[in-house]
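Here's the letter readout for the chains.
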Amino acid sequence: MRAVTITKPGGPEVLEVSEVVAPIAGAQEILVRVKASAVNRADLLQRRGQYPAPPGYPQDIPGLEYAGVVEQVDTGVTRWQPNDRVMGLIGGGAYAEYVVVHEAEAMRVPAAWSLEEAAAVPEAFLTAHDALFTRMQLAAGETVLVHAIASGVGTAALQLVRAAGGHVIGTSRSSWKLEQLASQGLEFGIDVSKNDFADQVLRITNGAGVQGVLDLVGGDYLAGNLKSLATLGRIILVGLTAGRSTQIDLNAVLRKRVTITGTVMRTRSLAEKIATVRAFEADTREWMESGRIGPVIDRALPMDQAAAAHQLVEENANTGKVVLSW
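To keep things clear, this report deals only with the structure shown in the data block. Bear in mind that the values here come from a model prediction, so they are computed numbers and not experimental data. (Residues numbered from 1 in each chain as written. Predicted model: local features only at pLDDT ≥ 70, side-chain atom pairs only at ≥ 80, totals over all residues. Heavy atoms only, no water.)

Details of the layout of surface pockets
As a volume, the largest pocket reaches approximately 1,500 Å³. What lines the largest pocket is a set of 48 residues, and nearest its centre among them are Arg41, Leu216, Gly239, Leu240 and Thr241. When residues of the lining of the largest pocket are traced back to their parent elements, those giving at least two are helix H1 (41-48), helix H3 (122-135), helix H4 (152-163) and strand E9 (167-172). Per-element tally for the lining of the largest pocket: the top contributor is H1, with five residues. Each residue belonging to the lining of the largest pocket can be placed in one class, and the counts come to 22 nonpolar, 17 polar and nine charged. Quantified by volume, the second largest pocket comes out at close to 180 Å³. (1 Å grid on protein atoms, 1.4 Å probe; cavity = no way out; pocket = protein on both sides within 12 Å on 5 of 7 lines; lining within 4 Å. Points joined across faces, edges and corners; volume = space filled by probe spheres on them. Helix = DSSP H or I, 4+ residues; strand = E, 2+ residues; numbered from the N terminus. Nonpolar A, V, L, I, M, F, W, Y, C, P; charged D, E, K, R; others polar.)

Focus on the pairing of strand E15 (residues 321-325)
For E15, the buried fraction is high: five of the five residues fall into the buried class. Neither face of E15 is exposed, since Lys321, Val323 and Ser325 on one face and Val322 and Leu324 on the opposite face are all buried. The pairing of strand E14 (residues 297-302) with E15 spans five bridges and is parallel. Of the residues in E15, the one forming a bridge with Ala300 is Val323. With respect to chirality, the unit in which E14 leads through helix H10 (residues 306-314) into the neighbouring parallel E15 is right-handed. (Buried < 20%, exposed > 50% of the residue type's maximum accessible area, 1.4 Å probe, protein only. Pairing = 2+ DSSP bridges. Right-handed = clockwise from strand over helix to strand, strands pointing away.)

Some remarks on the nonpolar core
In this structure, Met87, Phe125, Leu132, Val144, Ile149, Leu160 and Leu214 are the most contacted members of the largest nonpolar core, which totals 50 residues. Setting aside its immediate chain neighbours within four residues, Phe125 contacts Ala156, Gln159, Leu160, Phe280, Ile293, Gly294 and Pro295. Grouped together as the second largest cluster of nonpolar side chains are 23 residues, Ala3, Val4, Ala96 and Val100 included. (Core = buried A, V, L, I, M, F, W, Y, C linked by side-chain atoms within 4.5 Å. Contact = heavy atoms within 4.5 Å.)

So, in structure tokens, the structure goes:
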């Protein structure tokens, strides 16, 4: 089969399409012919040699999410038949023509979606849903501060919070991205290249602060997160694009009785991944089918332009997901 491979650690130019051995489905697994995948920050780190794939996944083929058609089902599979359209999250290897996944990890693609649209959903929406509803325990009417709101996870979080009856304040370093997202329900956007986000959050909330922060940035944002929070606020830390180290005022953590939770999807056990998928489907199936939530795609490129796709994401030139298709 064909796959986009990492020929050596480095920049986008090290990606190339190669012929590799196709995977074989085992018990309770399905073989999926991949039609599309999407670019994630983890793919960029893996390409640079800074984020190896978990054991059992190819180290030289990036890709965390797939959408395609079931080609073969193995012994014990009961959920799927050949030609079913599926999408899902995988530990790596989705920039390939075939992937093998446990039948319980795969999700059905809504009838109205193309497979390119479906490929933009699993990583962003599963990550956002797990962070907001399982970790943060978001309640209707609460307000969430979402950093990097124009990213894939950020746009997914915006839709999920709004669908659940909550409110969103989003940050970005680009005013034009915030303007684009206003049409998708973003109530308040903060350009962090021009404003202190914590001061703006307190202004917007009349000093009350927000109930939750979904932080896709990390680094020194943590101090501002604490200032932005209401009493009993919750911070869910998902990304570290601004760095893994910072200093904070622990008195603020105690005084506000703040909960800080870190989360990562890629290294979870099979049982945890299946539970995450089931929770997401139970809460959002109706929203997906009705069009209340759905993929936000910046652009779709052919798989042989993976290097260009990586460059776009590396430069933060996208709003929503960059999709790759065969």
